[in-house]
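Topology and contacts: notes
Chain by chain, the residues:
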Amino acid sequence: TRSLSITSVEQPIEKAQGDKVTLPCTFVLSEEDEGPLDIEWVLIPADNQKKEQIIIMYAVDRIYNHYYAAMNGRMQFTNPDPRSGDGSLDILNLKSADTGTYQCKVKKAPGVQSQKIQLTVLVKPARTKCSIEGSQEIGKDVILKCASQEGSPLLSYDWRRVSGRQELPATSMLNKNTGELLLKNASQDYSGTYNCVASNRVGTDECSVELNVTPPINTAGIISGAIIGTLLGLSVLAFLVFCCCKKHRDKKYEKEVHHDIREDVPPPKSRSSTARSYIGSNRSSLGSMSPSNMEGYTKTPYSQVPSEDFERPPGQNATFAPSKVAAPNLSRMGAVPVMIPAQSKDGSIV
């Protein structure tokens, strides 16, 4: 007995995220199929314990597409009238969560047929970044790295040189799975622009990096310069500290000297006061002399005793006129009165 049959081929489908996919489901009816036509698309979960989820269906000449909220507005029958024999399903703006097994069921009593399709939504490589690891010096090993921030596995990486010599250096070693390109014993000929292409089954993405191999850096000169600079800095710092300390000591000394000045100290004596003091002391000494010790004073001219007036008018002689010196009242002082000698014109004492 003949019945309806599905004519589309059952095969897995791979699509990129954001793309559109058509899940085929074409069929042919038989004359014996006299019942109403029903077309139903369901999502079979990976977990067998879960129930199938109806996505969209056609029944009694109507389309019902509100069963699966995750695809609302993103799914529709390819043919608006599935009775024509085309029950294919279009899914728009694919997401990675749309990956799964889809089943198309066609019913028209007494005929019943179904077909499963495996859909895999892949993410294209995106945000691919290139970098350089290691010192870019002559004789050193340099690693060029390439990695995509997005992309479904399995990702594959390929490096090529886009400036100068197009081929990669002879010492290079490429790991397509990790995206690392090892350049051993680099030379200046290795300098140039390198391009990395990341790819999977649904798309590609790429990035570039500039390699500049230079002679080794003079580390000894850099270290010497750093040491000299450090010593100069320390010297300047020590000089500043010394200046600050000296300034602090000077201020402290000035403050101490200022506090040591006393207001009760008498001012120094003038020259005239000193002369008067000297004459008074000599007169006191002469008053206490006895005739026995007068002999020493006869040898010294009395004119050498400083007078109260240190300066004399011109034209006057320095000789003393005979005068009588009144003896002090020594009885009250408990001393023996003596005669005070006077000097004559010829210099003798009388």
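Each value, and the rule that gives it
- Residues numbered from 1 in each chain as written.
- Predicted model: local features only at pLDDT ≥ 70, side-chain atom pairs only at ≥ 80, totals over all residues.
- Heavy atoms only, no water.
- Pairing = 2+ DSSP bridges.
- Helix = DSSP H or I, 4+ residues; strand = E, 2+ residues; numbered from the N terminus.
- Axes fitted to C-alpha atoms, helices over the stretch in contact; angles between N-to-C directions.
- Patch = residues over 30% accessible without salt bridge, like charges linked within 9 Å, V, L, I, M, F, W, Y side chains within 5 Å.
- Areas by Shrake-Rupley, 256 points an atom, 1.4 Å probe, with all protein chains shown as cover.
- Salt bridge = Lys/Arg side-chain N within 4 Å of Asp/Glu carboxyl O.
- Buried < 20%, exposed > 50% of the residue type's maximum accessible area, 1.4 Å probe, protein only.
- Core = buried A, V, L, I, M, F, W, Y, C linked by side-chain atoms within 4.5 Å.
- Contact = heavy atoms within 4.5 Å.
- Polar contact = N/O pair within 3.5 Å; in protein donor to acceptor, adjacent residues only side chain to side chain.
- Disulfide = S-S within 2.5 Å.

Identification of the protein as CXAR protein from Ibidorhyncha struthersii is taken from an unreviewed UniProt entry.

Considering the sheet that holds strand β16 (residues 180-183)
A sheet is described by the order of its strands in space; here four strands give the open sequence β12-β13-β16-β15, paired in antiparallel fashion. Edge positions in the sheet fall to β12 (126-133) and β15 (172-175), since each of these pairs with one other strand and no more. The average undirected angle you get between the axes of adjacent strands in this sheet is 15°. Looking at chain direction, β12 and strand β13 (residues 142-150) are connected through seven bridges and run antiparallel. Residue pairing across strands places K129 opposite A147, the latter belonging to β13.

Remarks on a nonpolar patch on the surface
There is a patch of nonpolar side chains on the surface, built from I223, I227, L231, L234, L237 and V241 and spanning about 570 Å² of accessible area. Mapped onto the fold, V241 is located in helix α1 (residues 219-260). You can call V241 partly exposed: its relative accessible area is 45%.

A look at the nonpolar core
Core analysis: the biggest nonpolar cluster contains 27 residues, and L23, W41, I55, I91, Y102 and V106 have the highest contact counts within it. Sorting the residues of this core by element identifies β3 (21-23), β5 (37-44), β6 (53-59), β8 (75-77), β9 (89-91), β10 (100-108) and β11 (111-122) as the ones contributing at least two each. Per-element tally for this core: the top contributor is β5, with four residues. Not counting residues within four places of it along the chain, the set of residues in contact with I91 comprises D19, K20, V21, L23, M71, R74, D98 and Y102. Core analysis: the next-biggest nonpolar cluster, separate from the first, contains 18 residues, C130, C146, W159 and Y190 among them.

Some words on the environment of R161
Mapped onto the elements of the fold, R161 is located in strand β14 (residues 156-161). Distance in space between the C-alpha atoms of R161 and T193 is 6.2 Å, their sequence separation being 32 residues. Dropping the residues within four chain positions of it, R161 is found in contact with Q166, E167, L168, P169, D189, Y190, S191, T193 and Y194. A distance of 3.4 Å separates a polar atom in the side chain of R161 from the backbone oxygen of S163. At 2.6 Å, the side chain of R161 forms a polar contact with the backbone oxygen of D189.

Some details on the pattern of salt bridges
Note that side chains of opposite charge can pair when their charged atoms are close. With the rule as written, the count across this model stands at 10 salt bridges. Where K105 meets E52, a salt bridge forms, and the shortest distance between an N and an O atom there is 3.7 Å. In this pair, K105 is assigned in strand β10 and E52 in the loop between β5 and β6, connecting sequence segments 53 residues apart. The residue K145 makes a salt bridge to E133 at a minimum N-O spacing of 2.9 Å. Here E133 lies in strand β12 and K145 lies in strand β13, a separation of 12 residues in the sequence. Overlapping salt bridges bring together D61, D81 and R83 as one network.

Here we look at the side chain of N200
Secondary-structure assignment places N200 in strand β17 (residues 192-200). For N200, a relative accessible area of 14% gives the class buried. If sequence neighbours within four positions are ignored, N200 has contacts with V123, K124, P125, G151, S152, L154 and L155.

Overview of the state of the cysteines
This model, assessed by the stated rule, comprises three disulfides. Two residues share a disulfide in this structure: C130 and C207, whose sulfurs sit 1.8 Å from each other. Disulfide C130-C207: the torsion about the S-S bond is 80°, which places it as right-handed. Placement of C130 in strand β12 and of C207 in strand β18 (residues 203-211) is noted, with a sequence separation of 77 residues between them. Comparing C130 with C207 shows no difference in burial state: the two are buried. One disulfide in the model links C146 with C196; its S-S distance is 2.1 Å. Since a negative S-S torsion denotes a left-handed disulfide, the C146-C196 link at about -90° is left-handed. With a gap of 50 residues between them, C146 in strand β13 and C196 in strand β17 connect regions that are remote in the sequence.

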